[in-house]
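Examination of the molecular architecture
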Amino acid sequence: QVRVVESGGGLVQPGGSLRLSCVASGINFSIYAMGWYRQAPGAQRELVAAITSGGSTNYADSVKGRFTISRDNAKNTVYLQMNNLKPEDTAVYYCNAKLGRTVLSYWGQGTQVTVSS
């Protein structure tokens, strides 16, 4: 059974930091591309950051220089370090595991991030 579980969300003041974690079990984690997405109220889900099985990364323009995605294959975990958070970063953050050019794609349940003073 595949499970994708996010953690680390919460309430933080503008300019603060959070680190999200996502543990994916039941898959061969090291060969999956991992991504962080977010969805704000009334908005579509958007890609925030992604990391390939080989470690290549890409980021949404809105988070470049502030967010860092990384993975630890030994722990089946992907991280999203978020610094200098802004109110517009407020959203539910979702973790996704996707296997190459296949239809295999798994989502977590999401974790809420709220940036407010």
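Structure shown above.
Residues numbered from 1 in each chain as written. Predicted model: local features only at pLDDT ≥ 70, side-chain atom pairs only at ≥ 80, totals over all residues. Heavy atoms only, no water.

**A closer look at the packing of aromatic side chains**
In plain terms, the rule: For this analysis, a ring pair means two rings from Phe, Tyr or Trp (six-membered ring only for Trp) whose centres lie within 6.5 Å, classed as stacked if their planes differ by under 30 degrees, edge-to-face if by over 60, and tilted for the remaining angles. By definition, any uninterrupted DSSP run of H or I lasting at least four residues is a helix, any uninterrupted run of E lasting at least two residues is a strand, and each is numbered from the N terminus. Exposed residues in this analysis have more than 50% of their type's maximum accessible area, buried residues have under 20%, and partly exposed residues fall in between, with area computed by a 1.4 Å probe over protein chains only.
For the structure on display, the rule yields two aromatic pairs. With a centroid separation of 6.3 Å and an interplanar angle of 40 degrees, the aromatic rings of Tyr32 and Tyr106 are classed as tilted. A residue pair is termed long-range when its members are at least 10 positions apart, and Tyr32 in the loop between strand E3 (18-25) and strand E4 (33-39) and Tyr106 in strand E10 (residues 105-107) qualify at 74 residues. For Tyr32, a relative accessible area of 5% puts it in the buried group. On the basis of relative accessibility, which here comes to 24%, the residue Tyr106 falls in the partly exposed class.

**Comments concerning the side chain of Asp89**
To keep it simple, the criterion reads: In what follows, a contact means two residues having at least one pair of non-hydrogen atoms within 4.5 Å.
Checked against the element boundaries, Asp89 lands in the loop between strand E8 (77-82) and strand E9 (91-98). We classify Asp89 as buried; its relative accessible area is 0%. In this structure, Asp89 is in contact with Arg38, Arg66, Phe67, Asn84, Val113 and Val115, ignoring residues within four places of it in sequence.

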